[in-house]
Amino acid sequence: MTIGEIIPVYITYRQSLGEKFKTNGIVLTGFCRHVGSDVELDLIDWNIISEYLYAPKGKVTSFLFGKYSALKGFYAWALSRGYVAKVPLSQELPKQPAHMIPYIYSDLELKSLFESALTYQKRKGHMIPYVTQTILIMTYVLGLRKHEALVLKLKDVDMQESLVVIRESKFYKSRIVPFNEDVKRRMEEYLEWREKSGFPQEPESALFIDDRALPVNIHTFSACFKHIRKKAGISRDDGGIYQPRIQDL
């Protein structure tokens with residue numbers, strides 16, 4: 001059986017168990033393209049697999065270990081069903097890169113960050129400074145992941161009960177996040193501004209929008225944050241590899 005025939009079977013099997021299996025599915029589909037879909041599964045050895053793991057630049061990255069994990073699961077399944085006689089994966093992997101050290105913002109840095117969100121650049125592009133500032137504040141006070149904040153819809157905010165519903169986030173889990181009176185007042189101000197500005201009010205409408213009434217793009221928002229952080233004069237000198245991130249909020 002060829003790799004192009006067996007990979008879709010495995011992905012379908014994992015999805016039949018109730019998994020979305022999106023990331024690992026992408027990894028395995030990429031492996032299939034790298035090897036060639038018409039290559040027989042039992043002809044694939046560690047040398048071929050290693051080329052894929054270290055692609056494209058031959059360097060050790062965190063993604064290497066994610067790809068290895070996806071392939072390990074696939075080959076364990078293939079072995080149990082007799083598609084392969086042995087698992088062609090090496091048990092010896094390079095040392096994983098050091099974990100990134102979270103950055104702890106001070107109160108003064110947070111104040112500067114939120115203020116800089118309104119003035120970090122002259123108006124250009126589609127981001128609305130007030131929306132950008134509100135996203136950062138809500139990400140901080142509610143403890144949200146970046147993508148969790150950006151996919152929120154109006155229906156996810158319950159002002160009467162003072163809570164936000166986060167739907168199927170990491171590991172497909174949902175949760176309810178309550179907020180206090182200070183946060184409620186800020187959210188009321190934002191929702192009032194949003195309505196007066198003429199943006200859609202349907203329950204399915206995105207909570208955070210750009211000037212085209214489209215959901216804020218995660219890549220655009222990330223790029224804006226870098227400019228905001230620099231204007232706020234926030235950088236790290238504690239030996240960490242990465243500059244302060246949105247996630248560190």
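Below, the structure is looked at part by part. (Residues numbered from 1 in each chain as written. Predicted model: local features only at pLDDT ≥ 70, side-chain atom pairs only at ≥ 80, totals over all residues. Heavy atoms only, no water.)

1. Topic: the overall build of the protein
Then comes step 1: Summing up its helical and strand segments, the protein has nine helices and three strands in all.
Then comes step 2: For the protein, the α and β elements follow one another from N to C terminus as α-α-α-α-α-α-α-β-β-β-α-α.
Then comes step 3: Expected size for 249 residues packed as a compact globule is a radius of gyration near 18 Å; at 23 Å, the protein overshoots this value by more than 25%.
Then comes step 4: If one aligns the C-alpha atoms of the protein with their principal axes, the spans along those axes are about 65 × 45 × 30 Å.
Then comes step 5: For the protein, the proportion of its 249 residues judged to be buried stands at 41%.
Then comes step 6: Once local pairs closer than 6 in sequence are excluded, the contacts in the protein between residues at least 24 apart make up 60%. (Helix = DSSP H or I, 4+ residues; strand = E, 2+ residues; numbered from the N terminus. Rg over C-alpha atoms; globule rule 2.2 N^0.38 Å. Buried < 20%, exposed > 50% of the residue type's maximum accessible area, 1.4 Å probe, protein only. Contact = heavy atoms within 4.5 Å.)

2. Focus: the sheet that holds strand β3 (residues 175–178)
Then comes step 1: Ordered in space as β1-β2-β3, the three strands form an open sheet in which the pairing is antiparallel. Strands at the two margins of the open sheet, each flanked by one partner only, are β1 (157–158) and β3.
Then comes step 2: Pairing analysis gives four bridges linking strand β2 (residues 163–166) to β3, with the strands arranged antiparallel. Across the sheet, Val-164 pairs through a bridge with Val-177, a residue of β3. (Pairing = 2+ DSSP bridges.)

3. Comments concerning the pairing of β2
Then comes step 1: Note that β1 and β2 share two bridges and pair antiparallel. Paired with Asp-158 across the strands is Leu-163, a residue of β2.
Then comes step 2: Between β1 and β2, which pair antiparallel and follow one another directly, the connecting turn spans four residues, one of which, Ser-162, has a positive phi of 55°.

4. Some points on helix α5 (residues 107–116)
Then comes step 1: When α5 is considered as a whole, its buried residues turn out to be Glu-109, Leu-110, Leu-113, Phe-114 and Ser-116. For α5, the buried positions fall inside an angular range of 165° around the axis, keeping them on one side. Exposed positions of α5 whose direction lies more than 90 degrees from the buried face are Asp-107 and Leu-108.
Then comes step 2: On its buried side, α5 packs onto α6 (129–142) and α9 (218–231). (Arc of directions from axis to C-beta.)

5. Examining the packing of α6 against helix α8 (residues 181–196)
Then comes step 1: Axis separation between α6 and α8 bottoms out at 11 Å; the angle between their running directions is 155°. When the interaxial angle is binned, α6 and α8 end up roughly antiparallel. At the point where α6 passes α8, the crossing takes the left-handed sense. Residue-level contacts link Tyr-130, Val-131, Gln-133, Thr-134, Ile-137, Met-138, Val-141 and Leu-142 of α6 to Val-183, Arg-186, Met-187, Glu-189, Tyr-190 and Trp-193 of α8.
Then comes step 2: Partitioning the contact of α6 with α8 into residue classes produces ten nonpolar, two polar and two charged. (Axes fitted to C-alpha atoms, helices over the stretch in contact; angles between N-to-C directions. Parallel < 35°, antiparallel > 145°, perpendicular 65-115°, else oblique. Left-handed = near helix turned anticlockwise from the far one by under 90°. Nonpolar A, V, L, I, M, F, W, Y, C, P; charged D, E, K, R; others polar.)

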